[in-house]
Amino acid sequence: MRKTASSVSNGALSRRRTLQLAGLSGVAAALPAARSRAATGGGTLRVGMEASGPSEPIDPVGGYSTQTFTHALFDRLTWISPDQSVVPELATTWEHSADFKEWTFSLRQGVQFHDGRPFTARDVVRTFQRILNAKLGSQSYRILSLSLDPDGIAANGDHTVKFSCKAPFWNLPAIASDTHASIVPEDSPLDAYIAHPVGTGPFKLENFQAGNHLFTTRNEHYWRTGYPKLDAIRFFNVADVTQRIAGMISGQFDLILSLTPVVVQSIRNDRRFTVASIKSGNCLNLNMRADRKPFDDNRVRQAVKLACNRGELIKQIWLDEAIEGSDQPISPVSRIWGGIKPPPYDIARAKQLLAEAGYANGIDVTLVTSTIAPGSVEQAEAYQQQAAPAGIRVKVQQVPATGYYYNVDAGKFDFWVESWAMRPDDSLLFLEYAPRGAELAPTQWYPQEFQALFEAARTAPDEKSRLARFTALEKFVSEQGPSVSPVYINVVDAHTKKVLYYRPNPMFYYRTYYQLELAEG
Amino acid sequence: MLQGANTAVTAGLAAEPTASLSERWSFLRWLALRTLFSVLVLIVLSVLVFAATTVLPGNVADVILGQNATPAARAALIHQLHLDQPAPVRYLGWMAGIAHLDFGTSLQSGLPVFPTVAEAFGHSLILAGVAAVVMVSGSVWIGLSTGLRAGSTWDRLVTLLTFISLSMPEFVLGSILIWLFVILIPILPALSLVDSETPITGWITMLVLPVVTVIPVTGAYIVRTMRSATLDVVEQDFVEMAELRGLTRRRIIWRHILPNALVPMINVLTLNMGWLVGGVVVVEVLFQYPGIGRLLLESVEQRDLPMVQGAAMLIGIVYIVLNLAADIGIAVLDPRVGRKFA
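Residues numbered from 1 in each chain as written. Chains lettered and ligands numbered in written order. Predicted model: local features only at pLDDT ≥ 70, side-chain atom pairs only at ≥ 80, totals over all residues. Heavy atoms only, no water.

Asker: Can you walk me through the overall build of chain B in this structure?
Answerer: Within chain B, the secondary structure is distributed over 15 helices and zero strands. Looking at chain B as a whole, 39% of its 342 residues qualify as buried. When contacts within chain B are restricted to residue pairs at least 6 apart in sequence, long-range pairs at least 24 apart make up 74% of them. Carbon together with sulfur atoms contributes 72% to the accessible area of chain B, which is approximately 18,100 Å² in total. (Helix = DSSP H or I, 4+ residues; strand = E, 2+ residues; numbered from the N terminus. Buried < 20%, exposed > 50% of the residue type's maximum accessible area, 1.4 Å probe, protein only. Contact = heavy atoms within 4.5 Å. Areas by Shrake-Rupley, 256 points an atom, 1.4 Å probe, with all protein chains shown as cover.)

And the structure:
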């Protein structure tokens with residue numbers, strides 16, 4: 001057994017230990033140097049968040065939008081801070097064998113669930129077994145099931161959990177931070193959702209109405225001493241970003257989440273509000289179907305990438321709340337970013353590549369988009385203008401948002417807009433190119449070389465070779481892949497000046513709430 | 001003359017006390033036929049709702065499993081959801097459930113659909129009810145007052161405003177009202193986020209904008225109809241007679257003009273209630289009001305078919321029952337309606 005300082009952030013052990021002792025592991029990074037306004041302590045925070053539908057489960061194993069409040073109700077073994085370090089939450093330390101197959105997590109003692117039951121290793125075992133049941137539809141199922149079987153997790157006493165993986169799993173501590181791995185009690189059903197969840201988190205569930213609201217109250221027995229600061233948090237689902245802004249302006253919300261660069265312009269200079277944004281790896285891809293003409297030729301795919309003026313997009317569409325993308329899903333924010341450079345805007349070279357591929361007169365393509373993610377229509381229209389001089393004649397077709405991804409998954413489109421959110425384990429995004437069940441992903445691009453590079457990166461024996469292998473994988477996807485990833489878009493939230501110690505996270509649903517306070521007045 | 005006009009009004013309001021046995025029998029027969037007709041409509045509706053949600057693209061199992069769909073998991077889930085049975089069998093099972101108020105369970109959360117649908121429906125009823133009361137009383141009064149003072153400045157102002165409202169859809173008016181009363185003069189909440197703990201004052205402030213937004217389009221139509229109905233009645237001989245008899249103006253309006261002008265309005269009001277409910281769906285989305293319209297929209301987006309079916313059926317059942325009740329009510333009050341079916 002080798003002790004990892006931290007498998008992800010070099011030499012952070014001593015700092016991490018210190019933070020742990022102070023009981024402030026997550027907050028410390030979020031504390032601003034000085035605050036002029038005094039907090040009153042207590043109070044009810046009202047949050048306007050994105051919509052979760054009327055039947056979305058509150059069970060952390062299956063929700064999508066409900067991930068936003070899992071950090072209020074639950075804890076996980078680990079958490080990923082805004083600077084991308086993996087820090088302890090319900091696990092205090094972890095070790096792994098030299099081949100990354102055997103993992104041992106030591107658990108925090110003296111933690112209890114909202115109903116008073118003590119937290120033990122058996123709860124962790126049940127939590128991960130639930131993720132590994134495909135029927136519950138957890139987004140973590142695919143990456144976890146690659147390396148782990150349900151019987152590979154075992155409790156060793158009350159405060160130690162052992163994971164015996166079938167393949168090297170270097171990133172287990174990061175995957176364990178996923179909201180789907182929020183720790184639930186050992187009696188949670190293996191094959192059905194929990195309707196009234198009990199967690200160990202800073203706030204207790206008071207009232208949940210799917211698609212409308214979630215009301216919580218303070219957990220008096222929270223393990224972080226002195227936290228949470230607030231008495232209660234009320235989350236409201238508001239589908240439209242402008243409605244969230246209007247709600248804050250009219251005094252109905254203190255904090256609003258998941259905004260867009262364009263809508264926050266209206267409050268950016270308003271002294272009552274603070275716009276809180278952070279660089280991320282969220283991308284809004286233009287994906288190509290690589291098994292059909294004209295995108296079956298990599299020279300065409302390269303031309304499509306070269307015809308994108310990323311700097312202009314950032315200025316025009318993203319109002320500087322984005323960084324240039326390099327046509328693969330790993331952004332500079334990530335721990336495994338290999339420094340891949342964004343392709344230049346090079347019309348001459350794009351034309352030349354098209355001619356070499358046999359399209360001397362250019363190509364006619366239909367780019368399908370929808371209001372599925374903010375900016376998806378605008379970015380498609382801007383790309384249309386940028387690509388035209390290269391002979392790439394884009395027809396932008398806007399289709400209804402309802403059922404959009406169903407149609408994408410059904411392979412209805414040849415060239416389409418697709419939104420990918422940054423994940424706790426970046427290699428998860430490469431899985432977007434992997435087959436789903438028996439069928440290939442909608443891009444129909446899964447070459448042998450990609451599979452070999454992905455497998456090599458995933459199972460790298462040490463940190464140095466891992467970064468090198470991921471860099472090779474990123475370079476390959478950037479040069480050969482079926483996606484234009486024009487930009488990596490920031491996470492943008494906003495709050496009133498009353499809200500103290502708020503900090504967004506590049507993974508938008510990794511926001512924490514226990515440290516928040518409300519100022520006087 | 002006056003006598004005759006009054007009889008015409010009362011005839012529509014009270015059954016003749018001397019209905020013969022055969023007339024009663026024919027009324028019961030009409031009632032049975034009318035109820036049977038409603039049940040048939042209900043069955044047709046249920047077939048349509050079931051068929052529409054069944055032919056939607058996408059296998060439900062794929063929707064639930066998402067990207068985790070392996071062939072084995074898919075087959076198991078299809079069997080568990082009875083999707084491997086023929087559609088008529090599934091339809092009968094679904095209908096048997098509805099008879100026991102069991103609308104099935106949500107595909108996403110696995111929880112029963114009925115409580116969610118019923119609560120949202122209750123919210124919509126409150127919004128529609130308040131809007132209907134305000135709209136009917138307001139537009140009838142405005143229509144009457146403009147009809148009485150045709151050609152006045154008030155009349156011309158109202159005419160202008162009704163034409164503007166008729167041509168302005170709810171989402172445009174709602175956006176203007178939000179800009180006015182939320183951003184410019186911040187006195188009202190932008191979103192109507194009511195819940196079980198909302199106090200009555202909260203309900204009032206949060207209902208103002210949705211109600212004011214949903215009323216004008218349908219209300220304007222009622223104002224126009226009420227105005228012309230009033231104009232027709234005012235020119236009748238019995239109004240002149242009442243004036244000649246020296247009755248006060250107030251008495252003439254309340255006892256003679258209003259009741260007579262309202263008779264042709266009953267059908268108009270009933271028809272417009274349907275339009276009002278349609279508008280309610282729009283404002284529910286616009287103001288994030290937790291009603292059945294928003295529920296239906298979001299359930300379609302999530303492909304949660306039992307929820308869609310449950311919401312659509314509940315709306316349909318209530319429409320059909322209300323229509324039946326209205327017809328029976330009118331028939332009881334005016335036996336001529338019943339006799340026509342005899």
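Asker: Would you explain the overall build of chain A in this entry?
Answerer: Within chain A, the secondary structure is distributed over 16 helices and 21 strands. Relative to the globule expectation of 24 Å for 521 residues, the C-alpha radius of gyration of chain A, 23 Å, shows essentially globular dimensions. Principal-axis analysis of the C-alpha atoms gives chain A an extent of 70 × 55 × 40 Å. Summarising the internal contacts of chain A: among those between residues at least 6 apart in sequence, 72% fall at separations of at least 24. Within the structure as shown, chain A displays about 18,400 Å² of accessible surface, and the carbon and sulfur contribution to it stands at 49%. The positive charge centre, built from 55 side chains, and the negative charge centre, built from 53, are 3 Å apart in chain A. (Rg over C-alpha atoms; globule rule 2.2 N^0.38 Å. Lys, Arg positive; Asp, Glu negative; His and termini not counted. Charge placed at Lys NZ, Arg CZ, Asp CG, Glu CD.)

Asker: How should the pairing of strand 17 (residues 415-420) of chain A be read in this particular structure?
Answerer: The side chains of a regular strand alternate, first on one face of the sheet and then on the other. All names here are of chain A. For strand 17, a buried count of five out of six residues is recorded, marking the element as mostly surrounded by other parts of the structure. Strand direction decides the pairing type here: strand 13 (residues 273-288) and strand 17, joined by six bridges, are antiparallel. When the bridges of strand 17 are listed, Leu286 appears paired with Val417. (Pairing = 2+ DSSP bridges.)

Asker: Would you mind showing me how to read helix 11 (residues 347-356) of chain A here?
Answerer: Since the α-helix advances by 3.6 residues per turn, residues separated by three or four positions end up pointing in the same direction. Residue and element names in this part refer to chain A. Every buried residue of helix 11 is accounted for by Ala350, Leu353 and Leu354. Projection of helix 11 onto a plane perpendicular to its axis shows the buried side chains occupying an angular sector of 100 degrees, all on one side. Elements in contact with the buried residues of helix 11: helix 9 (298-306), strand 15 (363-369) and strand 16 (392-398). Two or three places before Ala348, at the start of helix 11, stands the capping residue Asp346, its side-chain oxygen 3.4 Å from that residue's backbone nitrogen. Following helix 11 by one or two positions, Gly358 has its phi on the positive side, about 95 degrees. (Arc of directions from axis to C-beta. Polar contact = N/O pair within 3.5 Å; in protein donor to acceptor, adjacent residues only side chain to side chain.)

Asker: How should I be thinking about the domain arrangement of chain B in this particular structure?
Answerer: When the parts of a complex come together, some accessible area is lost, and that lost area is often used as the size of the interface. Residues and elements named next belong to chain B. Looking at the assigned domains, one finds that chain B contains domain 1 (45-102) and domain 2 (119-341). Using C-alpha coordinates to define each centre, domain 1 is positioned 38 Å away from domain 2. Taking both sides of the interface into account, the surface hidden between domain 1 and domain 2 amounts to around 920 Å²; carbon and sulfur atoms contribute 80%. The tally of links between domain 1 and domain 2 comes to zero salt bridges. At the junction of domain 1 with domain 2, the criterion picks out one residue pair in polar contact (both at pLDDT 80 or more). Of all elements in the fold, only helix 2 (21-54), helix 3 (60-65) and helix 5 (87-99) reach the threshold of two or more residues within the side of domain 1 that touches domain 2. Here the element with the most residues in the side of domain 1 that touches domain 2 is helix 2; it accounts for five residues. (Domains from an automatic or database assignment. Buried area = accessible area lost by both parts, 1.4 Å probe. Salt bridge = Lys/Arg side-chain N within 4 Å of Asp/Glu carboxyl O.)

Asker: Explanation requested: the packing of helix 8 (residues 170-184) of chain B against helix 9 (residues 200-234) of chain B in the structure shown.
Answerer: Each packed pair of helices is defined by two parameters, the angle between the axes and the distance between the axes. Residue and element names in this part refer to chain B. Taken N-terminus to C-terminus, the directions of helix 8 and helix 9 make an angle of 140 degrees; their axes are 9 Å apart at the nearest point. Between helix 8 and helix 9, the interaxial angle falls into the category oblique. The way helix 8 lies across helix 9 gives a crossing that is right-handed. Taken together, the residues of helix 9 that come into contact with helix 8 (itself represented by Glu170, Leu173, Gly174, Leu177, Phe181 and Val182) are Leu209, Val212, Thr213, Val214, Pro216 and Val217. (Axes fitted to C-alpha atoms, helices over the stretch in contact; angles between N-to-C directions. Parallel < 35°, antiparallel > 145°, perpendicular 65-115°, else oblique. Left-handed = near helix turned anticlockwise from the far one by under 90°.)

Asker: Sorry if this is basic, but what is going on with the packing of helix 12 (residues 265-286) of chain B against helix 13 (residues 292-301) of chain B here?
Answerer: All names here are of chain B. In contact at an axis separation of 7 Å, helix 12 and helix 13 are set at 75 degrees when each is read in the N-to-C sense. Accordingly, the angle class assigned to the pair helix 12 and helix 13 is roughly perpendicular. Facing Val281, Glu284 and Val285 of helix 12, the residues of helix 13 in contact are Ile292, Gly293, Arg294 and Leu297. Taken together, the residues of the contact of helix 12 with helix 13 sort by class into four nonpolar, one polar and two charged. (Nonpolar A, V, L, I, M, F, W, Y, C, P; charged D, E, K, R; others polar.)

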